[in-house]
Amino acid sequence: MQNKSLVILLLIFISFFHLCILEENNTEFNGEEDNVTYGSYNESDIEEEDPFKDYNFTNVLLYDDTNYTLLEKNDINFVLFYSQYCYHCHKFLPTFIEAADYCKEQKLKVVFSRIDANLNNNASETYQIYSYPTIYLILKGKRHKYQGYRTRDALINFMNKKLSDEVFKISKLEEIVEYQKKTPIVLLSTVKDKSSQIFKYFYDYAKDSYEYNFFSCLSEECLKKYGEDIILFKNFDEKEVSYAKSYEKLSEMKNTSISDFISTFAMECGSLLTMESLEALVRYNKTGFFYVRNSSDEENVKYDKLFKELGKDLRKDNTYTFVCDTGIIYQENIQDAFSIYEGDLPAVFYYQHNLPNPAARNKLYSLRHLDMKKVSIESLKNFIKDIKKGKLKRDLYSLPVSESKMVNGIRRLVGKTFDQYVIDEKRNVFLGIVESDDYREEDKRFLEILGNLTEKYKDLSFTYISANTNEPRDLLIKEDEIPVGFLYTNAMEKKEIIRFEPKNFSEVYEEEVVSFLDENLKKHKAKDTGKEKKKENVQTDL
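Residues numbered from 1 in each chain as written. Predicted model: local features only at pLDDT ≥ 70, side-chain atom pairs only at ≥ 80, totals over all residues. Heavy atoms only, no water.

Engineer: Can you break down helix α12 (residues 304-314) residue by residue, with the values?
Structural biologist: Within α12, burial applies to D304, L306, F307, L310, G311 and L314. Seen end-on, α12 carries its buried residues on one side only, within an arc spanning 150°. (Buried < 20%, exposed > 50% of the residue type's maximum accessible area, 1.4 Å probe, protein only. Helix = DSSP H or I, 4+ residues; strand = E, 2+ residues; numbered from the N terminus. Arc of directions from axis to C-beta.)

Take a look at the structure:
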């Protein structure tokens, strides 16, 4: 079931969109994704070896239930609530320590603290800690929950913005260059009237943003060069993007316009797919084309530049190109979640998050039928146009083709073999849909019933597919409606797909399957027989 596969992804990186996204340090989280609650624990569960022995906490203070009330005594305090059993906490701790060490080196008057929330219930209840890791920035007794990217610079940038104005005033453009060394995206407003609705939208977004720096400049130099506008500076692609020239007229600005403008131009075309960029696609409801290849194949790597150029053209339609390198260790999660295997490569993975049908969101199209030696921007544009128009047959979400193809007399299918055995005009097919053929009792019982019927219906091909890890073409399967079946009357004149649905999904009976098959096979056979008699009568009359 495609929805589950997406959750595995967006459980591997977003889960999926959100437990999985939390595995990366530079992923955004909202304090609820890790789903680890505080509470009781067994002392026997605690490892004798210190789980934190490899961390250098020199610049991170340890608090507990006896002294946590002192946290708010410091003017500036970053507090990390974690659990020694939490994988995501162990992933983030080195970054938190790095931020503390950096602030110490820069002689910044900020305290970094930590509390094992699993062992200190009073502190956890006071700060309402329901998931790990949770971070608070405490400024003069006021708590600010951090929900930004898990990087050193993001933490420090968050603190700096809380300590100063959301929009910095500058007098010359050179100052922008200095800030770009710290953050890849910088926003500049040259709007004169700061009481205008346009500047208010700019200011409101700046106030809630922790990713970028926002500036206002009304110098003669700025106004002469840009006029009244909002400029996005970045150290990749176009370098500078004008809101008024590239996006829409300032007079047409809406309260969501700044966010849309940034989300459209802040992602780098043809860059390596990361958890952060994938999460951004989900957050902003964008369409993604991922060029999937292996870095060990030099022939495929050289096409990265083509996809980068293609991305600049596609971005006009809110579509973004990324490179997914299956040879990189951390990207194996992406590869597994999208069910992409080496035999598929090179390929384009088409991802559209905002479609209502989960099965239609993820589409893999192989590039193997293209002559990769002659591939060009134009041929790639035509290839993607064909995808959007539905002219190309996409590859189905699938496990690798298994060597064991028959189970109890039933053909076991995966997505890659679905069309071969189900969409075949030479035979009628009954397709059983199970969640898994491994552990669910209701699935095992359903497959046992189908195996028993292979002798009774010798002219019918019995197949099944595990929808948890494979996709049946053009069938929308709901999670709570499995096991289920479909009769494909491919060999009959009236080709139909007829759904078999048991009275009770948790307990399928052989009698109801037999009744369904007898009724529908007889009905279709009678229709065909009737048409044959009509043909015979016509021939006799002639």
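There is more to say, and it comes next.
Engineer: So what's going on with the side chain of S242? Residues and values would help.
Structural biologist: Relative to the helices and strands, S242 resides in strand β10 (residues 240-242). On the accessibility criterion, S242 (12% relative accessible area) is buried. Here A244 takes part through its backbone nitrogen, which lies 3.4 Å from a polar atom of the side chain of S242. Within the local environment of S242, its side chain forms a polar contact with the backbone nitrogen of K245, the two atoms lying 3.0 Å apart. (Polar contact = N/O pair within 3.5 Å; in protein donor to acceptor, adjacent residues only side chain to side chain.)

Engineer: Talk me through unusual backbone geometry; I want residue IDs and the actual numbers.
Structural biologist: With an omega of -10°, the peptide bond running from Y132 to P133 counts as cis. Across the junction of I482 and P483, the peptide omega takes the value 5°, indicating a cis bond. Among the structural elements, P483 can be located in the loop between β19 (460-466) and β20 (484-488). In this structure, K107 is a non-glycine residue whose phi angle is positive, near 55°. One can find K107 in the loop between α2 (87-105) and β3 (111-116). A residue is classified by how much of its surface remains accessible, and K107, at 74% relative accessible area, is exposed. With a phi close to 50°, K140 is a non-glycine residue in the positive phi region. By the secondary structure assignment, K140 is in the loop between β4 (134-139) and β5 (142-146).

Engineer: Explain the sheet that holds β4 to me, and be specific about the residues and the numbers.
Structural biologist: With mixed pairing, the five strands of this open sheet are ordered in space as β1-β3-β2-β4-β5. Every other strand in the sheet has two partners, leaving β1 (61-63) and β5 as the edge strands with one partner each. Each neighbouring strand pair of the sheet contributes to a mean axis angle of 30°, computed without reference to strand direction. Pairing between β1 and β3: three bridges, direction parallel. Looking at β3, one finds that L61 is bridged to S113. Seen against the sheet, α2 touches β2 (76-82), β3 and β4 and runs at an angle of roughly 165° to β2. (Pairing = 2+ DSSP bridges. Axes fitted to C-alpha atoms, helices over the stretch in contact; angles between N-to-C directions. Contact = heavy atoms within 4.5 Å.)

Engineer: Any details on the sheet that holds strand β7 (residues 185-189)? Residues and values, ideally.
Structural biologist: What the five strands build is an open sheet, ordered β6-β8-β7-β9-β10; its pairing is mixed. Every interior strand has two partners, whereas the edge strands, β6 (167-169) and β10, have only one. Across this sheet, the average inter-strand angle for adjacent strands is 25°, counted without regard to direction. Two elements, β7 and strand β9 (residues 230-234), share five bridges in a ladder whose sense is antiparallel. Bridge pairing in β9 places L187 opposite L232.

Engineer: Describe in detail the pattern of salt bridges, supporting the description with residues and values.
Structural biologist: Within the structure shown, the criterion is met by 14 salt bridges. With a closest N to O distance of 3.9 Å, K381 and D313 form a salt bridge. Of this pair, K381 sits in helix α14 (residues 377-388) while D313 sits in helix α12, placing them 68 residues apart in sequence. Note on K381: relative accessible area 23%, which makes it partly exposed. Judged by relative accessible area, D313 falls into the partly exposed class, the value being 29%. The shortest N-O distance in the salt bridge between K458 and E455 comes to 3.8 Å. (Salt bridge = Lys/Arg side-chain N within 4 Å of Asp/Glu carboxyl O.)

Engineer: Which residues make up the environment of K308, and what values go with them?
Structural biologist: Here K308 lies in helix α12. When the C-alpha atoms of K308 and E268 are compared, they prove to be 8.4 Å apart, with 40 residues separating the residues in sequence. In terms of polar contacts, K308 uses its side chain to reach the backbone carbonyl oxygen of C269, at 3.1 Å.

Engineer: Give me the lowdown on the pairing of strand β8 (residues 213-216), citing residues and values where you can.
Structural biologist: Across the two faces of β8 the burial is the same, with N213 and F215 and F214 and S216 all buried. Examined bridge by bridge, β6 and β8 share three bridges and lie parallel to one another. Bridging from a neighbouring strand, V167 pairs with F214 of β8.

The values reported here are purely geometric and, on their own, carry no functional implication.
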